[in-house]
Amino acid sequence: LMKARGPGQKILDLAPLHALAETHRDTLVRLFASVLPFVHEDEKDKTYAVLRRVEVEVLDATRIMLLATDGFAAVAVAAEFADPHGLLVGDIGLTRASVKRFIRSKGTSPLDLCLASENFPQVRLAISNNRTPFTGVFHANPRYFAKCAEAMERLGYSKKREARFEMGADGLAPILVVPKVEYVGKAPHEVRVSPLFVLMPMKDME
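Read on for an overview of the structure. (Residues numbered from 1 in each chain as written. Predicted model: local features only at pLDDT ≥ 70, side-chain atom pairs only at ≥ 80, totals over all residues. Heavy atoms only, no water.)

**Structural notes on the pairing of strand β6 (residues 175–179)**
The condition is simple: Under the scheme applied here, a residue whose accessible area is under 20% of the maximum for its type counts as buried, over 50% as exposed, and between as partly exposed, the area being computed with a 1.4 Å probe on protein chains only. Strands here are runs of E lasting at least two residues and helices are runs of H or I lasting at least four, both read from the DSSP assignment and numbered beginning at the N terminus. DSSP bridges decide pairing: two strands pair if at least two such bridges lie between them.
Counting buried positions along β6 yields four of five residues, so the element is predominantly enclosed. In terms of strand pairing, strand β5 (residues 163–166) meets β6 through four bridges, oriented antiparallel. Residue pairing across strands places A163 opposite P179, the latter belonging to β6.

In structure tokens form, the structure reads like this:
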């Protein structure tokens, strides 16, 4: 569930997504708010302009995945709806600006598509096969751990909920942060969420 398919069939009709917001407004606000800290913010940076977005992958009738990255840290939040969400299977690219408005309006502002010519990069979340915990020293930007905590809080995790940290056999392997499954909303519109964060360590310059 946590492996992103990468660019697929593009969804250009947002009417089903806006219809979903009518029944799952609070949940969608929480989902978008959780990934927004990972979206690339620099409006002047043309190189990473394609990363100023939230990518929604519709996997099947009940499952979607939200993806975002600033090029150094990435998030994937899988959401499984108890009832069919009504979206077509494919990929939806949403502009950062419209997602921010959607969150501020508590789910009433319309969402906007990214340019059809833009392709969100393929994301493959590689889980390490190393079963022995890494015990060496690694360097990481502490702000990214704060983003993970912020995303979990926005999804409804309490401050006492733990997450699993995993990395490969050396200090330059990606750091994976995997919280336990959480449930958002109430029946019959309950949504099961599974977040995963990928943090790139920093090379030791000493």
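**Details of the packing of aromatic side chains**
Cut-off, in case you're wondering: Whether two aromatic rings pair depends on their centres lying within 6.5 Å, for rings of Phe, Tyr and Trp, where Trp uses its six-membered ring; planes under 30 degrees apart make the pair stacked, over 60 edge-to-face, and the rest tilted.
Tallied over the full model, the rule gives three aromatic pairs. Seen from their ring centres, F38 and F197 are 5.5 Å apart, and the 20 degrees between their planes marks the pair as stacked. Here F38, found in the loop between α2 (25–35) and β1 (53–58), pairs with F197, found in strand β8 (residues 191–199); they are 159 residues apart in sequence, far enough to count as distant. Here F38 matches F197 in class, with each residue buried.

**What about the pattern of salt bridges?**
Note the cut-off: What makes a salt bridge here is a side-chain nitrogen of Lys or Arg within 4 Å of a carboxyl oxygen of Asp or Glu, nothing more.
A full pass over the atoms with the stated rule returns 12 salt bridges. In this structure, E55 and R53 form a salt bridge, with 3.1 Å as the shortest nitrogen-oxygen distance. Residue R53 is classed as buried on the basis of its relative accessible area, which comes to 3%. Across the pair D112 and R101 runs a salt bridge whose closest N-O atoms are separated by 2.7 Å. Highlighted residues: D112 in the loop between α3 (96–104) and α4 (142–154) and R101 in helix α3, separated in sequence by 11 residues. Among the residues examined, R101 registers a relative accessible area of 32% and is labelled partly exposed. Salt bridges sharing partners connect three or more residues here, namely R53, E55 and E118.

**Notes on the nonpolar core**
Filter applied, for reference: Buried Ala, Val, Leu, Ile, Met, Phe, Trp, Tyr and Cys residues form a nonpolar core when they are joined through side-chain atoms within 4.5 Å. Should any heavy atoms of two residues lie within 4.5 Å, those residues are considered in contact.
Counting 44 residues, the largest nonpolar core has F32 and L94 as its most contacted members. Residues in contact with L94, not counting those within four places in the same chain, are L14, L17, F32, R53, V54, V56, V99, L111, D112 and C114.

**Section: α4**
Applicable threshold: A helix is expected to span 1.5 Å for every residue after the first. To be clear, the arc concerns the directions from the helix axis to the C-beta atoms.
For α4, with 13 residues, the first-to-last C-alpha span of 19 Å sits near the 18 Å given by 1.5 Å per residue. For α4, the set of buried residues is Y144, K147, C148, A151 and M152. Projected down its long axis, α4 shows its buried positions confined to an angular sector of 135 degrees, all on one face. Away from its buried face by more than 90 degrees, α4 exposes P142, R143 and E153.

Note that every value here comes from positions in space, so none of it alone points to a role or purpose.
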